Amino acid sequence: MESRRYFQRVITALILQVTVSICDTYVTSAMIDLTGLWTVMNSGSNGTLFTVQGKVPGNMYTALLSNKRIVDPYYMYNDDHYRWIPRENWTYQKTFQVSSDIYTKSRVILSCDGLDTIATIKVNGQVVGKSSNMFVKYDFDIKSALKLGVNEIRVEFQSAIEYAAQKASAMPHVIPPKCSNPAQHGECHVNMIRKEQCSFSWDWGPSFPTQGIWKNISIVAFDTAVVEALTAETWQGSGADSWVLTVEVFFQAHSPSPVSGVLQLTMQGTSLHNSVPLTLTTGKSQVSLNYTLSNVSAWWPNGYGSQPLYNLKAVFTSGSEVSSKAVRVGFRTVELVQDPIPNATGLTFYFKVNGVPIFMKGSNWIPADSFQDRVTVDRYRDLLGSARLTHMNCLRVWGGGIYENDEFYDIADELGIMIWQDFMFAVALYPADADFLTLVKGEITHQVRRLKSHPSILLWAGNNENEKALAQNWFGTQSEFDLYKKEYIDLYINTIAPIVQREDPSRPYVSSSPSNGKETEKEGWIAKDPGDWHYGDEHFYDYLSDLWDVSKFPILRFASEYGIQSWPSLETLSKVSEPSQWDYWSDWCAHRQHHPMGNVEMMSEIIRHFSLTFNPDKKQRFEDTIYLTQINQAMSIRWETEHYRRWQSQLVDSYGLTMGALYWQLNDIWQAPTWASIEYGGKWKMLHYYAKRFFAPNLISPYLDGNIFKVYMVVDKLPADLGERSGPVQTKTTFSHRKIGDKLGYQVHHSVLHMDQPVSSPQGEDTLYIRMMSWGSLTPLYTWKQSFTLNSTSDLVFEADLADMLTTSKCPAGTGCVLFLYVNDLETGPDTWFPLSSFSEASLKAANIQITSLTPTSQSSSTFNLTLSTDNMAAFVWLEATGIPGTFLDNGFLFATPTVNITFTAKENVDPAALKEAIKIKSLVDIYKY
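A quick note: this is a predicted structure, and the numbers were derived from the prediction, not measured.

Undergrad: Please give an account of the environment of Lys 105 that cites residues and values.
TA: Tracing the backbone through its elements, the reader meets Lys 105 in the loop between helix 4 (100–103) and strand 5 (107–112). The class of Lys 105 is buried, set by a relative accessible area of 13%. Sequence separation of Lys 105 and Leu 806 is 701 residues, and the distance between their C-alpha atoms is 86 Å.

Shown next as structure tokens:
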């Protein structure tokens, strides 16, 4: 009999191990998965009743769309036409079978990973619970409401718009802002509800306030206890190869007497195999355990080493019941360094990972869709993979969206993309009454426990721009400043900060972004100037200045937001628009632009550098204008990002030591003019191709300082042993080139910040070549050669008076010239270019660019080598494979040599002839020819 019980337990455990890999919930001996099809119905207050079948996870929009009751909500003016939908109350209903295995358990829990947002939950007509926060997991005891056989569950949602308005009217004082800017076509009082803030609209997104069961939902039943959560923290041990792993296991027990059992902890690939006898009392409890390990490898950000991940599993066995949880662990430490700078004003603000200072290169992440059930794992992988391909090592998950799904963080762990994680509060003041703070406590506790085990999590930030909004009186609150300051401190300092410190002491917390960090704390949590360049991080936007002029950019410690808009391609826009609206100044283009005066601002930037296009063909004129907005965005962010990277090793008049550049923004939520570098659907804008260059591990960065032409070399710091040790170590780096990909070759030793003595390349001095070119010729007018070694990660290697350079090279007056730069070898070293005049129609010369060969690189027929030729120099050469999703190795480049080799990687196999037919090539001069 005992042997039989043993094998029953083994079989049960095997079944549960399979289940845990499928369902993101704790595993018990009895479970009902409630995802799948539900009946979705509205209240009919607008006079129209709908009853449709909708998928869970899902929402009412996608349920209506899949049943063809509405068309694409993103199409034309549908964001306005469908405003009646979120004003309805929607109900989700489903029947399910309860067997005796479930019914006889002493504890039966309805586990809801995500309800959006205000809902009453009924089982067989009995209210079993209510939800009021999109960002928490709800567990409801439904034992008393169940019956054997057929049961019914109803989740009755209330309109988020109506709920938010009711909460606002009940407040003793106004909590601003009341409504969004009219240009956003949005809704009001979003700060009254714990829901995705941008679902009520933003200046880059539409208003679609969803209702629905947006994450998994299930029933779990047990007699003794279950593992509810498993978390892990990693700390550096006493030796270079020693790590301390802190494991916390959270339980829920339900028994009239204490529950005895055994907790087994194992970590694949390590020496951790431990059994711990436990006795649990009824209710929630937790156990914390520390282990010292030496047989593990360190996890590093992208570009600094590998990303080894270890599977940690906790299994609790009590009698015949088995419950388990598993997480993946990466061993690394994170430190935010805010130290005084000798003989200077202010503090540093930079991150050390495993003891190594890291310049954070990346962007900002917003929700990838208004309807989260449409965001697949493949979509996450495509977007995050696109970030990695452009050498990014950090993304900031912005505080007006959502805490992303587990798959997002799993992929970030695998790719080495560190995540600056905002809590979900953005550009608003928030209530601080007892009810609201109670909601927040549950939210922060849940999310930190859910996410802290991911090595990719870099930092917790209390909010997006709320300190700055209060300090700079964005909402006209100055007369009641003390009141709003108290509420601010109650929320972010007295409520959120202690929870973060308790739940995750392994990471830093900042109260806001931007903020002055420790200086903000010193000034009582609302700094007089939260944008002081001597401290913390900053968000910088300037839509009036020439953003090709580096003198317009601030000299910051850390740039966590900066950007400028562009329009997405016509290929992307055509899916949601009509040809009649393909005009830059059309009504629909004005409607789609949610940033006030955004289209005018983009046009004013274009006028500074280009001739206006007046092609008589309306469609072509629109395409040309889109092309110019993308050029301007790419060049503007190029100049600004290179500016920040150059300043990482400089300190002048207390300004500099910049250690982060996260431009706004990576991805789009819909097809519209925004700050994104990747269009909705995954197509790269020109900016994203430029990011591959300005975030490259080895960067040639030229600029004009008055009349002096200067060139900096900027390099990343890579641990020599690829991250197997922690702490500062000797470093090496390799240059790469667009024509051959990430080919290794050139090496140089360097440090971050300052060095006392130069450290030369092990191969001796390296050479910078600078060619003066004129439009109309591929033959250089003159070439300068400059040998150099590097003293720091950003070092000046060339400077000369520009007027002297023009005279020496005999640049033809009035035609304009270009400087083309490369290191060591044109085929293997990095290259870049610097324009010396505006791109007027008179300056440019016609260029005949052809594809001379196109061949697949493998049998898969998804990657192709292209050879292009030209008879003249051409600016902003743009390749587009319309209808064939994929990416080029380089795009938007200066064609300054007779031929260039570029690869194209399609997302699916494609016929070479079809690809060659699909590829269209244009350069700037082409839009002037009509």
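After that view of the structure, there is still more to cover.
Undergrad: Could you give an account of the state of the cysteines, naming the residues involved and the relevant values?
TA: Tallied over the entire structure, the rule returns 2 disulfides. For Cys 811, the disulfide goes to Cys 817, at an S-S distance of 1.9 Å. Linking Cys 811 and Cys 817, the disulfide has an S-S dihedral of approximately 110° and is accordingly described as right-handed. Just as Cys 811 is buried, Cys 817 falls in that class too. By sequence-ordered numbering of the bonded cysteines, the protein has its disulfides arranged as 1-2, 3-4. Not part of a disulfide, Cys 198 finds its nearest cysteine sulfur in Cys 188, a span of 16 Å. Accessibility expressed as a relative area gives 3% for Cys 198, which makes it buried.

Undergrad: Describe the sheet that holds strand 47 (residues 886–888), naming the residues involved and giving the relevant values.
TA: A sheet is described by the order of its strands in space; here 4 strands give the open sequence 44-45-49-47, paired in antiparallel fashion. Of all the strands in the sheet, the pair left with one neighbour each is strand 44 (850–856) and strand 47. Ignoring strand direction, the axes of neighbouring strands in this sheet form an average angle of 20°. Sheet topology places strand 47 next to strand 49 (residues 899–906); 3 bridges connect them, and they run antiparallel. Bridge assignment links Phe 888 to a residue of strand 49, and that residue is Phe 904.

Undergrad: If you had to explain the sheet that holds strand 24 (residues 356–358) to someone new, which residues and values would you point to?
TA: Strand order in the open sheet made by the 3 strands is 22-23-24, with antiparallel pairing throughout. At either end of the open sheet lies a strand with only one pairing partner, and these are strand 22 (334–337) and strand 24. Within the sheet, the average angular offset between the axes of one strand and its neighbour, ignoring direction, is 35°. With 3 bridges joining them, strand 23 (residues 350–353) and strand 24 adopt antiparallel strand pairing. By the bridge assignment for strand 24, Phe 351 is matched with Ile 358.

Undergrad: Please provide a residue-by-residue account of the packing of aromatic side chains, values included.
TA: Aromatic ring pairs are described here by two measures, namely the spacing of the ring centres and the angle between the planes. Going through the model one piece at a time under the given rule, you end up with 63 aromatic pairs. Aromatic rings pair up to connect Tyr 61, Tyr 74, Phe 208, Phe 371, Trp 670 and Tyr 680 into one cluster. Its end group placed over the ring of Tyr 74, Arg 374 keeps NZ or CZ at 5.2 Å from the ring centre.

Undergrad: Requested: an account of a nonpolar patch on the surface, with residues and values cited.
TA: On the surface, Trp 585, Met 597 and Val 600 cluster together to form a nonpolar patch covering roughly 340 Å² of accessible area. Looking at Val 600, the relative accessible area reads 40%, which means it is partly exposed.

Undergrad: How would you explain the pattern of salt bridges if you had to name every residue and give the values?
TA: Counting across every chain of the model gives 37 salt bridges. Where Arg 154 meets Glu 156, a salt bridge forms, and the shortest distance between an N and an O atom there is 3.2 Å. For Arg 154, a relative accessible area of 23% corresponds to the partly exposed category. Classification of Glu 156 as partly exposed rests on a relative accessible area of 22%. The salt bridge involving Asp 406 is made with Arg 450; its shortest N-O contact spans 2.5 Å. With Asp 406 in helix 7 (residues 406–415) and Arg 450 in helix 8 (residues 434–451), this pair connects stretches of sequence that are 44 residues apart.

Undergrad: So what about unusual backbone geometry? Which residues, and what values?
TA: Note that the residue after Ser 513, namely Pro 514, is joined by a cis bond; omega there is 0°. In this fold, Pro 514 is placed in the loop between strand 29 (509–510) and helix 11 (518–522). Residue Gln 665 is bonded to the preceding Trp 664 through a cis peptide linkage, with omega at 5°. Positionally, Gln 665 belongs in the loop between strand 34 (660–663) and helix 16 (686–694). Despite not being glycine, Met 76 shows a phi value in the positive range, around 45°. Within the secondary structure layout, Met 76 lies in the loop between helix 2 (60–66) and helix 3 (78–81). With a phi close to 55°, Asn 124 is a non-glycine residue in the positive phi region.

Undergrad: So what about the pairing of strand 4 (residues 90–98)? Which residues, and what values?
TA: When you tally the buried positions in strand 4, you get 7 out of 9 residues, the bulk of the element. Judged from the 4 bridges that link them, strand 2 (residues 36–42) and strand 4 form a sheet pairing that is antiparallel. Across the sheet, the residue bridging to Val 40 is Tyr 92, located in strand 4. In this structure, strand 4 lies alongside strand 10 (residues 149–157), joined through 8 bridges in antiparallel fashion. Opposite Thr 91, over in strand 10, you have Glu 156 as the bridge partner.

Undergrad: Explain the packing of helix 8 against helix 10 (residues 481–503) to me, and be specific about the residues and the numbers.
TA: Direction vectors running N to C along helix 8 and helix 10 enclose 30°, while the axes themselves pass 10 Å from each other. Regarding the angle of helix 8 to helix 10, the classification is roughly parallel. Helix 10 is crossed by helix 8, and the crossing has right-handed handedness. In this structure, helix 8 uses Phe 436, Leu 437, Val 440, Lys 441, Ile 444, Thr 445, Val 448 and Arg 449 to contact helix 10, whose residues at the interface are Asp 490, Leu 491, Thr 495, Ile 496, Ile 499, Val 500, Arg 502 and Glu 503.

Undergrad: So what's going on with helix 5 (residues 160–170)? Which residues, and what values?
TA: Count 3.6 residues to each turn of an α-helix, and residues three or four apart come out pointing the same way. Listed as buried for helix 5 are Ala 160, Ile 161, Tyr 163 and Ala 164. Taken around the axis of helix 5, the buried residues stretch over an arc of 165°, which confines them to a single face. Seen from the buried face of helix 5, the exposed residues on the opposite side, beyond 90 degrees, are Ser 169 and Ala 170. Residues of helix 5 that are buried sit in contact with strand 11 (200–202). If you check the start of helix 5, you find a side-chain oxygen 3.3 Å away from the backbone N of Ile 161, and it comes from Ser 159.

Undergrad: Describe the environment of Ala 696, with residues and values.
TA: In this structure, Ala 696 sits in the loop between helix 16 and strand 35 (698–705). With a relative accessible area of 8%, Ala 696 lands in the buried category. Remark: the alpha-carbon pair of Ala 696 and Trp 365, spanning 331 residues in sequence, is separated by 20 Å. Every residue in contact with Ala 696, bar those within four places of it in the chain, is listed here: Lys 361, His 391, Arg 645 and Ala 691.

Undergrad: Describe the packing of helix 15 (residues 618–646) against helix 16, listing the residues and the values that go with them.
TA: With their axes 8 Å apart at the nearest point, helix 15 and helix 16 run at an angle of 25° to one another. As summarised for this structure, helix 15 and helix 16 are arranged roughly parallel, according to the angle between their axes. By crossing handedness, the relation of helix 15 to helix 16 is classed as right-handed. Packed against helix 15, whose contacting residues are Tyr 627, Gln 630, Ile 631, Gln 633, Ala 634, Met 635, Ile 637, Arg 638, Thr 641, Glu 642 and Arg 645, the element helix 16 presents Met 686, Leu 687, Tyr 690 and Phe 694 at the interface. Its residues placed into classes, the contact of helix 15 with helix 16 shows 9 nonpolar, 3 polar and 3 charged.

Undergrad: Before we move on, can you summarise helix 8 with the specific residues and values?
TA: An ideal rise of 1.5 Å per residue puts 26 Å on 18 residues; helix 8 measures up with 26 Å between its terminal C-alpha atoms. Of the positions making up helix 8, those classed as buried are Phe 436, Leu 437, Val 440, Glu 443, Ile 444, Thr 445, Gln 447, Val 448, Arg 450 and Leu 451. In this fold, the buried residues of helix 8 make contact with helix 7, strand 27 (418–422), strand 28 (457–461) and helix 10. A side-chain oxygen of the first residue of helix 8 lies 3.2 Å from the backbone nitrogen of Asp 435; this N-cap is Asp 433.

Reading the values: the criteria
Residues numbered from 1 in each chain as written. Predicted model: local features only at pLDDT ≥ 70, side-chain atom pairs only at ≥ 80, totals over all residues. Heavy atoms only, no water. Helix = DSSP H or I, 4+ residues; strand = E, 2+ residues; numbered from the N terminus. Buried < 20%, exposed > 50% of the residue type's maximum accessible area, 1.4 Å probe, protein only. Disulfide = S-S within 2.5 Å. Pairing = 2+ DSSP bridges. Axes fitted to C-alpha atoms, helices over the stretch in contact; angles between N-to-C directions. Phe/Tyr/Trp six-rings, centres within 6.5 Å; stacked < 30°, edge-to-face > 60°. Lys NZ or Arg CZ within 6 Å of the ring centre and 35° of its normal. Patch = residues over 30% accessible without salt bridge, like charges linked within 9 Å, V, L, I, M, F, W, Y side chains within 5 Å. Areas by Shrake-Rupley, 256 points an atom, 1.4 Å probe, with all protein chains shown as cover. Salt bridge = Lys/Arg side-chain N within 4 Å of Asp/Glu carboxyl O. Parallel < 35°, antiparallel > 145°, perpendicular 65-115°, else oblique. Left-handed = near helix turned anticlockwise from the far one by under 90°. Contact = heavy atoms within 4.5 Å. Arc of directions from axis to C-beta. Polar contact = N/O pair within 3.5 Å; in protein donor to acceptor, adjacent residues only side chain to side chain. Nonpolar A, V, L, I, M, F, W, Y, C, P; charged D, E, K, R; others polar. Expected span 1.5 Å × (residues − 1).

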